[in-house]
Amino acid sequence: MTSTDVKPDETTSAATRPARPGFGAALRWETRKLRAQLRTKALLVGAVLTPIAVVVIVHSQARPPKDTLFGRFATENGFAMALLLLGFASQWVLPLLTAIVAGDIFASEDQHGTWKTVLTRSISRSKLFWAKTVVATVFALVALVLLAASTIASSLLIVGHQPLTGLSGQTIHARAALELVSASWASMALPMVGFTCLALLFSVWSRNSAVGIAAPVVIGLIMQLVGALGGIETLRPYLLSTPFEAWHGLLASPQFTGPLQESVITSAGWSVVCLVAAFLILRRRDITGD
């Protein structure tokens, strides 16, 4: 037998050894798991139906909510209504919407005791981590698109599409207003991804779905309270809640996009830090001892 010969038993064992699933398989697996959950379907349906109900209720009020930026025009202008709901949603609805899935996606493995089965027999930790991260992020963006589309459409159909009065008192015609309102909702994507990554971190670290879901929402509310305080101008740009307000510059005249540019850096920074921390925690966890 030469040095290149392989023993029959070694050949047989190598041929019969099952290959571990790749990233694509993990992604399909996590997607099917998420689609099978009633909670996921309810969230997406709620993202479509809830804005319609809210628009009807607000539009039927005798007095508009004048204590908000566009509240005084909300009952007579559909674009103002859509921006009013945007301001409300950015306070806690958007963080909660993404945290319900992202805050549970890792912790559910602890809840059901499936880590050993998943990691020791099926797939590597890194592939599973990134598959769950991608699925949670895509869900957050899909939910945002549905919520934005339903809000804008119902506001224009129920209230109307008259020219919008901007933050500087300028008149914005309907077509331009539609573009600006859509861009304002689209700017929510970056901080929403940031809160998704924050929820993923708490899901991995706490191993508890309640903590993974509630903690990002509570932290977001605290950040908004801190951001409203005076004397912290140097800290405010680094709060993850600040990018939710970056759309205001689009409705001013002249427009200013500095906050939007800062929101890219802030959201990306939070996302990277949270994902790295979550990955390291999961990588160093002793699954066999759980």
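Refer to the structure presented above.
This one's a predicted model, so the numbers in the text were calculated from it and none came from an experiment. In every chain, residue numbers begin from 1 and rise along the written sequence. Per-residue local features are limited, in this predicted model, to residues with pLDDT of at least 70; the limit for side-chain atom pairs, both in listing and counting, is 80 or more; totals at the level of whole chains, interfaces and linings are taken over all residues. To obtain the side-chain values, all non-hydrogen atoms of the structure were included, while hydrogens and water were left out.

**Structural notes on the overall build of the protein chain**
Here's step 1: Strands here mean DSSP runs of E at least two residues long; helices mean DSSP runs of H or I at least four residues long; both are numbered from the N terminus. The helix and strand inventory of the protein chain stands at eleven helices and two strands.
Here's step 2: Over its C-alpha atoms, taken along the principal directions, the protein chain stretches across nearly 90 × 40 × 35 Å.
Here's step 3: Buried positions account for 43% of the 290 residues belonging to the protein chain.
Here's step 4: Between two residues, a contact is recorded if the distance between any of their heavy atoms is within 4.5 Å. Intrachain contacts of the protein chain at a sequence separation of at least 6 include 78% that bridge at least 24 residues.
Here's step 5: With the model as given, the accessible surface of the protein chain reaches about 14,900 Å², and the carbon-plus-sulfur share is 65%.
Here's step 6: Charged residues are defined narrowly, with Lys and Arg counted positive, Asp and Glu counted negative, and His plus the chain ends left uncounted. To locate a charge, the coordinates of NZ of Lys, CZ of Arg, CG of Asp or CD of Glu are taken. Side-chain charges in the protein chain split into 23 positive and 15 negative, and the spacing between the mean points of these groups amounts to 5 Å. For every residue, the accessible area obtained with a 1.4 Å probe (protein chains only) is divided by the maximum for its type, and the residue is called buried under 20%, exposed over 50%, and partly exposed between those limits. Reported accessibility uses the Shrake-Rupley method at a 1.4 Å probe radius. Residues are deemed covered only where the shown protein chains occlude them.

**A look at the pattern of salt bridges**
Here's step 1: Here, a salt bridge means any side-chain nitrogen of Lys or Arg that lies within 4 Å of a carboxyl oxygen of Asp or Glu. By the definition in use, this model includes seven salt bridges.
Here's step 2: Among the ionic pairs, Glu30 bridges to Lys132, the shortest N-O distance being 3.1 Å. Of this pair, Glu30 sits in helix α2 (residues 23–35) while Lys132 sits in helix α7 (residues 125–158); the two residues are 102 residues apart in sequence, bridging distant segments of the chain.
Here's step 3: Note on Glu30: relative accessible area 3%, which makes it buried.

**Some thoughts on the packing of helix α4 (residues 78–102) against helix α9 (residues 189–206)**
Here's step 1: A fitted line through C-alpha atoms represents every axis, and for helices the fit uses only the stretch in contact; the resulting angles, taken between N-to-C directions, go from 0 to 180 degrees. Direction vectors running N to C along α4 and α9 enclose 40°, while the axes themselves pass 8 Å from each other. Viewed along their axes, α4 and α9 adopt a mutual orientation that is oblique. Relative to α9, the crossing made by α4 is right-handed. Note on element contacts: α9 touches α4 through Met192, Phe195, Thr196, Ala199, Leu200 and Ser203, opposite Leu94, Pro95, Leu97, Thr98, Ala99 and Ala102.
Here's step 2: Here the term charged refers only to Asp, Glu, Lys and Arg, the term nonpolar to Ala, Val, Leu, Ile, Met, Phe, Trp, Tyr, Cys and Pro, and the term polar to all other amino acids, Gly among them. Of the residues that constitute the contact of α4 with α9, the class distribution is nine nonpolar, three polar and no charged. With respect to orientation, any angle under 35 degrees is reported as roughly parallel, any angle over 145 as roughly antiparallel, any angle of 65 to 115 as roughly perpendicular, and every other angle as oblique. The hand of a helix crossing depends on one turn: near helix anticlockwise from the far one by less than a right angle means left-handed, and clockwise means right-handed.

**Thoughts on unusual backbone geometry**
Here's step 1: A cis amide bond, omega 0°, links Ser253 with the succeeding residue Pro254.
Here's step 2: By the secondary structure assignment, Pro254 is in the loop between α10 (209–228) and α11 (258–284).
Here's step 3: Of note, the phi angle at Arg207 is positive, near 60°, even though the residue is not glycine.

**Description of α2**
Residues lying three or four places apart along an α-helix face the same way, a consequence of the helix completing one turn every 3.6 residues.
Here's step 1: In this model, α2 (13 residues) spans 18 Å end to end at C-alpha, consistent with the 18 Å of a helix rising 1.5 Å per residue.
Here's step 2: When α2 is considered as a whole, its buried residues turn out to be Ala26, Glu30 and Leu34. Down the axis of α2, the smallest arc covering the buried residues is 70°, so these residues share one side. Across from the buried face of α2, at angles greater than 90 degrees, the exposed residues are Arg28, Arg32 and Arg35.
Here's step 3: Tucked into the core, α2 has its buried residues touching α3 (38–59), α4, α5 (107–112) and α7. What a helix is expected to span follows from its residue count: subtract one and scale by 1.5 Å. Note that the arc is defined by the directions from the helix axis to the C-beta atoms.

**Comments concerning the nonpolar core**
Here's step 1: Note on terminology: a nonpolar core comprises buried Ala, Val, Leu, Ile, Met, Phe, Trp, Tyr and Cys residues joined through side-chain atoms within 4.5 Å. Ranked by size, the top nonpolar core spans 70 residues in total, and within it Leu83, Leu94, Phe106, Leu164, Trp185 and Leu251 carry the most contacts.
Here's step 2: Aside from chain neighbours lying at most four places away, what touches Leu164 is Phe70, Asn77, Phe79, Ala80, Leu83, Gln170, Thr171, Ile172, Ala177 and Leu251.
Here's step 3: One finds Val55, Leu84, Leu85 and Val159 within the second-largest nonpolar core, a separate group that totals seven residues.

**What to know about the packing of aromatic side chains**
Here's step 1: For this analysis, a ring pair means two rings from Phe, Tyr or Trp (six-membered ring only for Trp) whose centres lie within 6.5 Å, classed as stacked if their planes differ by under 30 degrees, edge-to-face if by over 60, and tilted for the remaining angles. With the rule as written, the count across this model stands at nine aromatic pairs.
Here's step 2: Measuring from ring centre to ring centre gives 5.6 Å for Phe195 and Phe244, while their planes differ by 20°; the resulting arrangement is stacked. Here the residue Phe195 occupies a position in helix α9, and Phe244 occupies one in the loop between α10 and α11, the gap between them amounting to 49 residues.
Here's step 3: Since its relative accessible area comes to 1%, Phe195 is described here as buried.
Here's step 4: Here a set of aromatic residues connected by ring pairs shows up, and it is made of Phe106, Trp115, Phe129, Trp130 and Phe279.

**Quick notes on the side chain of Thr98**
Here's step 1: Along the chain, Thr98 falls in helix α4.
Here's step 2: In contact with Thr98, other than residues within four places in its own chain, are Gly103, Ala140, Met192, Phe195 and Thr196.

**A short note on the environment of Gln111**
Here's step 1: When you line up the elements, Gln111 lands in helix α5.
Here's step 2: Of the residues examined, Gln111 reaches a relative accessible area of 56% and is grouped as exposed.
Here's step 3: Separated by 32 residues in the primary sequence, Gln111 and Ala143 have C-alpha atoms spaced 25 Å apart.
Here's step 4: Residues in contact with Gln111, not counting those within four places in the same chain, are Asp104 and Ser209.

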